[in-house]
Amino acid sequence: MDKENLQHLFFESEPGKEIRKCIQCGTCSSSCPMTDAMDFGPRSLFALIRDGDMEAVINSNSPWMCVSCYQCTSRCPQEIPVTELMYSLKRIITQTKEKTQSNKAKDLHRSFSSSLKLFGRVTESFIMAKYSLKHPLTGLSSIPLAVQLTKKKRVELKMQKVGSPFKFRRSFKHLR
Amino acid sequence: MKYAFFPGCAHDTSAGYKESLDAVCSKLDIELLEIPDWNCCGATITAGESKTSSLYLAARSFALSEKMGYTQILTGCNACYTTLKKSAKYLSSDKHRLEAANKHLASEGLELTKEITIQHVMDIIFDKTPKPIWDSYKNNALQNINIACYYGCQYTRPWLTGPQSDRPEYIENFLTGLGFNAVNHSAKTLCCGAAGAMPNADIAKKLVARIADGVKKESADAIVTICPLCQLNVDMYQTQPDIEQIPTLFFTQLLGLYFKIDLENLGLDKLLISPEPLIEKMQNLKSA
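This structure is a prediction, so every number in the text was calculated from the model and none was measured.

The rules we used
Going along each chain's sequence as written, the residues are numbered from 1 onward. Chains and ligands are labelled by the order in which they are written, letters from A for the one and numbers from 1 for the other. For a predicted model such as this one, the threshold for reporting local features is a pLDDT of at least 70, and the threshold for listing and counting side-chain atom pairs is 80 or more; totals across whole chains, interfaces and linings nevertheless cover every residue. Secondary structure follows DSSP: runs of H or I at least 4 residues long count as helices, runs of E at least 2 residues long count as strands, and numbering of each begins at the N terminus. For the exposure call, what matters is how many other C-beta atoms sit within 10 Å of a residue's own: 20 or more marks it buried, 12 or fewer exposed, and in between partly exposed, using C-beta atoms placed from the backbone. Contact between residues is assigned whenever the C-beta positions, reconstructed from backbone atoms, fall within 7 Å. In this setup the radius of gyration rests on C-alpha atoms only. A globule is expected at 2.2 Å times the number of residues raised to 0.38. The pairing criterion is simple: DSSP has to find at least two bridges between the two strands. Lines are fitted to the C-alpha atoms to define the axes, a helix being fitted only along its stretch in contact, and any angle between axes, read from their N-to-C directions, falls within 0 to 180 degrees. A set of buried Ala, Val, Leu, Ile, Met, Phe, Trp, Tyr and Cys residues, joined to one another through C-beta atoms within 7 Å, is what we call a nonpolar core. What pLDDT expresses is the predictor's confidence in each residue, scored from 0 to 100. Should an angle fall under 35 degrees it is called roughly parallel, over 145 degrees roughly antiparallel, and 65 to 115 degrees roughly perpendicular, with every other angle called oblique. Note on convention: the crossing is left-handed when the near helix lies turned anticlockwise from the far helix by less than a right angle, right-handed when the turn is clockwise. Residues were grouped as follows: Ala, Val, Leu, Ile, Met, Phe, Trp, Tyr, Cys and Pro as nonpolar; Asp, Glu, Lys and Arg as charged; and all remaining residues, including Gly, as polar.

**Focus: the overall build of chain A**
In step 1: For chain A, the helix and strand inventory stands at twelve helices and zero strands.
In step 2: When its helices and strands are written in sequence order, chain A yields α-α-α-α-α-α-α-α-α-α-α-α.
In step 3: Counting over 176 residues, chain A shows a buried share of 41%.
In step 4: A sequence separation of at least 24 residues applies to 64% of the contacts in chain A between residues at least 6 apart.

Laid out in structure tokens, this is it:
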């Protein structure tokens, strides 16, 4: 999809047009606990969207790094629902199936999602294992913490699931 | 009183939340009825894939709750709380979305017809239980126990505005009412790293250090949490070098200690940072 269409899609998404109100004050980026790990903080990201540089936007890790703490949303002087805009970006990337650069946070999203889609509930050990296949180094470095948790009987290896994962999957996969 | 309860996927493996919540609820005559066959709320993930899917997830558990005769649902997890509360709002304000969800629910013979309200189980414990039960355990010496209340995100935000959003006093007021000393600190609603902690351990360590080091300066004996993910991150990253260590409990575990419930029923042995100093201090209190 070309840049104009992506930008249009964003402005048309709910609540995309809200970023027109952005005064670039940077309250969002300075409130965000994840800014340090983002390619662009929310303020820069919004400037890029308004400039139409959608390629940089969809290839950045920024929307995926958002942990939904809503600090930006509650502090924005223009009352822009920043967190919802991050969700909107993630949905556009997911639904247009745009090929984008891989990043750790997106892979974690996908690992969570596959646990949910298969079983209707998620199991932390499954998410960890699936994620570690893509990021073996992160997986390895988490082992000491995982061992500590296992010793305290805080790791569940049995998959948590709904009564009939088959029925759940059947309903869930038809959703768009 | 009986309530429908949505445990969420992290409830059973969290450090004694289930055990201590059950123990405290039975003390207070609250019966939590697990919604049969509930499914994951999608947390902060599914809403980033498709709105229809994320609303379906909520609607399915809502319909199951409606089927058992309950339109008010309690949960003990901040992420479930906000995800479900947002979905309940969308579903009740938009007929088309509700219809779309119901179309997909029909294949399982389910239907959502009523408006659903979501509450944190803490709200019920604090606001809807008889005062005399609490008063009979009151002890002035508890003022020597310093508690740092940690709300994390998604309980106050995005719901409350102004000071209530960043500097809430709700848990503080309740615990002070029981006799505890609630310390003031600036990280009450700071993020713990949430789902971003695992792929970004460095950031999680920094955030947890900011919380732990801050409350240590206020001489806190314990950090009290209300969310499984907050408890996990704050407890776990304190085991890393150069971070202060303060026992990090669920609020229900502290209430269990207040009610002098047997320790083995509170799951305190599952905490990574040992709660022994706190337990000892509480057991050695002389009533004033």
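**Quick notes on the overall build of chain B**
In step 1: Scanning chain B from N- to C-terminus turns up twelve helices and eight strands.
In step 2: Taken over the C-alpha trace, chain B has a radius of gyration of 19 Å; the compact-globule value for 288 residues is 19 Å, and the two agree within 12%.
In step 3: In terms of principal-axis extent, the alpha carbons of chain B reach across some 60 × 45 × 35 Å.
In step 4: Every one of the 288 residues in chain B was classed for burial, and the buried ones make up 55%.
In step 5: Contacts spanning at least 24 positions in sequence make up 80% of the contacts within chain B whose residues lie at least 6 apart.

**A few points about the sheet that holds strand S6 (residues 181-182) of chain B**
Residue and element names in this part refer to chain B.
In step 1: Spatially, the four strands line up as an open sheet ordered S6-S5-S7-S8, and their pairing is parallel. Because the sheet does not close on itself, it has two edges, and the strands there are S6 and strand S8 (248-250).
In step 2: As judged from the four bridges shared by strand S5 (residues 146-150) and strand S7 (residues 222-225), these two strands associate in the parallel manner. Bridge pairing in S7 places Cys149 opposite Val224.

**Comments concerning the sheet that holds strand S2 (residues 31-34) of chain B**
All names here are of chain B.
In step 1: Taken together, the four strands give an open sheet; going across it, the order is S2-S1-S3-S4, and neighbouring strands pair in parallel fashion. Two strands close off the open sheet at either side, each with one partner strand: S2 and strand S4 (117-120). On average, each strand axis in the sheet is inclined to that of its neighbour by 45°, with strand direction left out of account.
In step 2: Direction of pairing for strand S3 (residues 72-75) relative to S4: parallel, over a ladder of four bridges.

**Looking at the nonpolar core**
Residues and elements named next belong to chain B.
In step 1: In this structure, Ile147 and Val224 are the most contacted members of the largest nonpolar core, which totals 137 residues.
In step 2: Residue contributions to this core peak at eight residues, all from helix H2 (residues 51-67).
In step 3: When near neighbours in sequence (up to four residues on either side) are disregarded, Ile147 contacts Leu175, Phe180, Asn181, Ala182, Val183, Ala220, Asp221, Ala222, Val224 and Leu254.

**Looking at the confidence of the model for chain B**
In step 1: Mean pLDDT over chain B stands at 96; residues scoring 70 or higher make up 99%.
In step 2: In the predicted assembly, ipTM is 0.95 and pTM is 0.97.

**Looking at the packing of helix H8 (residues 104-119) of chain A against helix H9 (residues 124-134) of chain A**
Residues and elements named next belong to chain A.
In step 1: The contact between H8 and H9 brings their axes to 9 Å, and the two run at 135°. Accordingly, the angle class assigned to the pair H8 and H9 is oblique. The handedness of the crossing between H8 and H9 comes out as right-handed. Only Phe126, Ile127, Lys130, Tyr131 and Lys134 of H9 make contact with H8, whose side of the interface consists of Asp107, Leu108, Ser111, Phe112, Ser114 and Ser115.

**Let's talk about the pairing of S3 of chain B**
Each regular strand displays side chains that alternate between the two surfaces of the sheet.
In step 1: For strand S1 (residues 2-6) of chain B and S3 of chain B, the ladder comprises three bridges, and the chain directions are parallel. Each residue of the ladder has a partner; that of Phe6 of chain B, found in S3 of chain B, is Thr75 of chain B.

**Let's talk about the interface of chain A and chain B**
In step 1: With 48 residues of chain A at the interface, the matching set in chain B holds 41 residues.
In step 2: For the side of chain A that touches chain B, the secondary-structure elements that each account for two or more residues are helix H6 (71-75), helix H7 (82-95), H8, helix H11 (143-151) and helix H12 (165-172) of chain A.
In step 3: Taken together, the residues of the side of chain A that touches chain B break down into 19 nonpolar, 16 polar and 13 charged.

**Details of the environment of Gln148 of chain A**
In step 1: Tracing the backbone shows Gln148 of chain A in helix H11.
In step 2: As a C-alpha pair, Gln148 of chain A and Asn103 of chain A span 45 residues in sequence and 27 Å in three-dimensional space.
In step 3: Ignoring any residue separated from it by four or fewer positions in sequence, one finds Gln148 of chain A in contact with Thr239 and Leu272 of chain B.

**Observations concerning the pairing of S5 of chain B**
All names here are of chain B.
In step 1: Within S5, four of the five residues are buried, leaving the element largely enclosed by the surrounding structure.
In step 2: Taken together, the two bridges between S5 and S6 define a ladder with parallel strand orientation. Across the sheet, the residue bridging to Ile147 is Ala182, located in S6.

**Some points on the packing of H2 of chain B against helix H4 (residues 95-105) of chain B**
Residue and element names in this part refer to chain B.
In step 1: Contact pair H2 / H4: the axes reach a minimum separation of 9 Å and the direction vectors enclose 70°. Classified by the angle between their axes, H2 and H4 sit roughly perpendicular to one another. Here H2 and H4 pass one another in a crossing that is right-handed. For the pair formed by H2 and H4, the contact residues are Thr52, Leu55, Tyr56, Ala59, Arg60 and Ala63 on the first element and Arg97, Ala100, Ala101, His104 and Leu105 on the second.
In step 2: The residue makeup of the contact of H2 with H4, split by class, is seven nonpolar, two polar and two charged.

**Describing the environment of Ser115 of chain A**
Residues and elements named next belong to chain A.
In step 1: Mapped onto the secondary structure, Ser115 falls in helix H8.
In step 2: Look at Ser115 and you get buried, because 26 C-beta atoms sit within 10 Å.
In step 3: Considering only alpha carbons, one finds Ser115 and Ser44, 71 residues apart in sequence, at a separation of 33 Å.
In step 4: Ignoring anything within four residues of it in the chain, the contact list for Ser115 reads Val122, Thr123, Phe126 and Ile127.

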